[in-house]
Amino acid sequence: MKPSAFVHHSPADLGEALGALAEVGPDGKVLAGGQSLIPLLNMRLAAPGHLVDINRLSELDTVEVSRAGVRVGALARHTRVLHSAEVARVQPLLGQALRHVAHPVIRNRGTVVGSLVHADPAAELPAVLSVLGGSVEVASARRRRTIPAEEFFTGPLESALAPGELAVSVLFPALPPYGGAAFAEIARRHGDYALVGVAAVVVLDEDLRVSSARAGYLSVAATPFVLDLTEVVGRRPPASYDWETAAAYARSRIDPEADIHAGAEYRRHLAGVLTVRALGAAAANALEIGTSEGVAL
C-alpha cells in the first residue's frame, strides 16, 4: 500500500521546523526515524497532510550525560544510545531495554524520542521513562515546556503533545547511589512487541536495606503502568526477601486485556513472573555497587 498524498517539509534548523509545525497545526506529523510512522502511513492508519522532516536538524542529534542523568535529543538513534558506555554507566536501564527494541536495522534508524512520542503501551522506552520519573522537553513557535512522564502518555498511541509542538529531548534520570536496575520481557520472538515487560529499579540505603522499589510495566494497560512496591517489599536486605510477595501484589493491581497474542490471565501471570525476575536482578545489581559512592562521571 501507499500513503495518501502529503506535503513534505525539510526545515534547515529548529526555528524553521517549529514555524512549519505552527503553520500546519493538527494536519502535520514529524518525521524523524520513521520506523513507526511510515508503516502507519503506508497502511493509511495515519493520513497527515504535511510531514515535517527534522533529519537535517543536527542540533537535535545529541546524547548528553551528566550527574542528573541522560538527555537524549530528538534525532539520536537507538543504536547510539544502546552502545554508549557513558549512558550505561549513568543509567543502565536504558541499554537493558534497548536490546529488546526490534532488530538492529530498525535500531539503526529509529529514534529514542520518536519511540516515546509514538506512545505505544507495548513499547519498552515509555515504561523505562515512566518508572524512572523522567520528562520530555517540548518546544513550539511560542514556548518551551517540560512534561513529566506521568503526564506525557495519555492513551494508546496518544501523548500530551499539542498541535505545533515538537519533542526536542527527553531526560532519563540517573540511578542514585546504591541503586540497581533491570529489565525483563517475554515476546513470542526476539524483537517482537512484548507480551509483557517489566522495568525495575531498586535503591538501597547505606545499611544495604531496600529504601525504594519501583516497577514499570508494558503491555498490561493503555499507558505505561508503574507500581511503587517499597512498602510491599519492606525495608529489609534484599537477600532476605521473597520477591513473590511483590509479584502477588502486582498481579492484583494490573488489569490487562486479552488480544490475539495473549489472554488477560496469561498476561497477569507473566507480570508476576517478570516482577520476581526484574526486582531480583535490580536488587542484585544494587548490592553489587552498594559500597560505592554513586556514579562517577
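Everything numeric in this text was worked out from a predicted model, so none of it was measured. Numbering of residues starts from 1 in each chain and follows the order in which that chain's sequence is written. Since the coordinates come from a predicted model, pLDDT governs what is reported: local features require at least 70, and pairs of side-chain atoms require 80 or more to be given and counted, while whole-chain, interface and lining totals use all residues. Heavy atoms throughout the structure, all of them, feed into the side-chain values; hydrogens and water do not.

Engineer: When you look at the sheet that holds strand β2 (residues 28–31) in this model, what are you seeing that I'm missing?
Structural biologist: Read from one edge of the open sheet, three strands run β1-β3-β2, paired in parallel fashion. Looking along the sheet, the strands with just one partner apiece sit at the ends: β1 (7–9) and β2. Direction aside, the axes of adjacent strands within the sheet are offset by 25 degrees on average. Paired strands, in this sense, are two strands between which DSSP finds at least two bridges. Helix and strand assignments follow DSSP, with helices taken as H or I runs no shorter than four residues and strands as E runs no shorter than two, numbered in order from the N terminus. Pairing of β2 with strand β3 (residues 50–53) involves four bridges; the strand directions are parallel. Each residue of the ladder has a partner; that of Gly-28, found in β3, is His-50. Inter-axis angles, ranging from 0 to 180 degrees, are taken between N-to-C directions of lines fitted to C-alpha atoms, where helices are fitted over the stretch in contact.

Engineer: Quick question: what am I supposed to make of the layout of surface pockets here?
Structural biologist: Remark: the empty space left among the atoms is shown by a probe the size of a water molecule rolled over them. Buriedness for pockets is judged along seven lines, at least five of which must meet protein on both sides within 12 Å for an open set on the 1 Å grid over protein atoms alone, while cavities are sets there where a 1.4 Å probe fits but cannot get out, and lining residues have an atom within 4 Å of a point. Grid points are joined across faces, edges and corners, and a volume is the space filled by probe spheres set on the points. Empty space within the largest pocket amounts to approximately 1300 Å³. Around the largest pocket, the lining comprises 48 residues; the ones closest to its centre are Ser-36, Leu-37, Gly-114, Val-117 and His-118. At the level of elements, β2, α2 (37–42), α7 (112–118), α8 (124–132), β9 (158–159) and β10 (166–173) are the ones that each hand at least two residues to the lining of the largest pocket. Any residue outside Ala, Val, Leu, Ile, Met, Phe, Trp, Tyr, Cys, Pro, Asp, Glu, Lys and Arg is labelled polar, Gly included; the first ten of those are nonpolar and the last four are charged. Among the residues making up the lining of the largest pocket, the classes are represented as 26 nonpolar, 16 polar and six charged. Surrounding the second largest pocket, 22 residues form its lining, Ala-122, Ser-219, Asp-259, His-261 and Arg-267 being those nearest its centre.

Engineer: Can you walk me through the environment of Asp-27 in this structure?
Structural biologist: Topologically, Asp-27 is positioned in the loop between α1 (14–24) and β2. Measuring from C-alpha to C-alpha, the distance between Asp-27 and Ala-127 comes to 28 Å, with 100 residues separating the pair along the chain. Polar contact criterion, stated in full: a pair of N or O atoms within 3.5 Å, where within protein one must be able to donate a hydrogen and the other to accept it, and residues adjacent in sequence count only if both atoms are side-chain atoms. Side-chain polar atoms of Asp-27 contact the backbone nitrogen of Gly-49, separated by 3.0 Å.

Engineer: So what exactly am I meant to see when it comes to the pairing of strand β12 (residues 196–204) here?
Structural biologist: The side chains of a regular strand alternate between both faces of the sheet. Between buried and exposed lies partly exposed: a residue is buried under 20% and exposed over 50% of the maximum accessible area for its type, with that area taken using a 1.4 Å probe on protein chains only. Judged by how many residues are buried, β12 sits mostly within the fold: nine of nine residues are covered. Neither face of β12 is open: one carries Val-196, Val-198, Ala-200, Val-202 and Leu-204, the other Gly-197, Ala-199, Val-201 and Val-203, and all of them are buried. Note that strand β11 (residues 179–186) and β12 share eight bridges and pair antiparallel. From the neighbouring strand, Ala-182 faces β12, where its bridge partner is Ala-200. As judged from the eight bridges shared by β12 and strand β13 (residues 210–218), these two strands associate in the antiparallel manner. By the bridge assignment for β13, Val-201 is matched with Arg-214. The antiparallel pairing of β12 with β13 creates a hairpin that spans five residues between the two strands, and Leu-208 there sits at a positive phi of about 60 degrees.

Engineer: Explain the pairing of β10 here, please?
Structural biologist: Of all eight residues in β10, eight are buried; the element is thus mostly enclosed. Relative to β10, strand β5 (residues 69–73) is paired through five bridges, and the arrangement is antiparallel. Directly across from Val-70, in β10, lies its bridge partner Phe-172. Taken together, the five bridges between strand β6 (residues 135–139) and β10 define a ladder with antiparallel strand orientation. Bridging from a neighbouring strand, Ala-139 pairs with Leu-166 of β10.

Engineer: Could you clarify how one ought to interpret the packing of aromatic side chains in this entry?
Structural biologist: Here a ring pair, both rings aromatic, is described through the centre-centre distance and the interplanar angle of the planes. Side-chain rings of Phe, Tyr and Trp (the six-membered ring for Trp) are treated as a pair once their centres are within 6.5 Å; stacked means planes under 30 degrees apart, edge-to-face means over 60, and tilted covers the remaining angles. Under the definition given, this model contains two aromatic pairs. Residues Tyr-217 and Phe-225 carry aromatic rings whose centres are separated by 6.5 Å and whose planes lie at 55 degrees to one another, so their mutual orientation is tilted. Taking the relative accessible area as the measure of exposure, Phe-225 reaches 21% and is therefore partly exposed.

Engineer: What should I look at first to understand the sheet that holds β12 in this one?
Structural biologist: Within a sheet, adjacent strands bond to each other through the backbone by hydrogen bonds, running parallel or antiparallel. In spatial order, the strands read β11-β12-β13-β14; together these four strands make up an open sheet with antiparallel pairing. Every other strand in the sheet has two partners, leaving β11 and β14 (225–228) as the edge strands with one partner each. On average, adjacent strands in this sheet sit at an angle of 15 degrees to one another, irrespective of strand direction. In the packing of α8 onto the sheet, contacts are made with β11, β12, β13 and β14, and the angle to β13 comes to roughly 155 degrees. Pairs of residues are marked as contacts when any of their non-hydrogen atoms sit within 4.5 Å.

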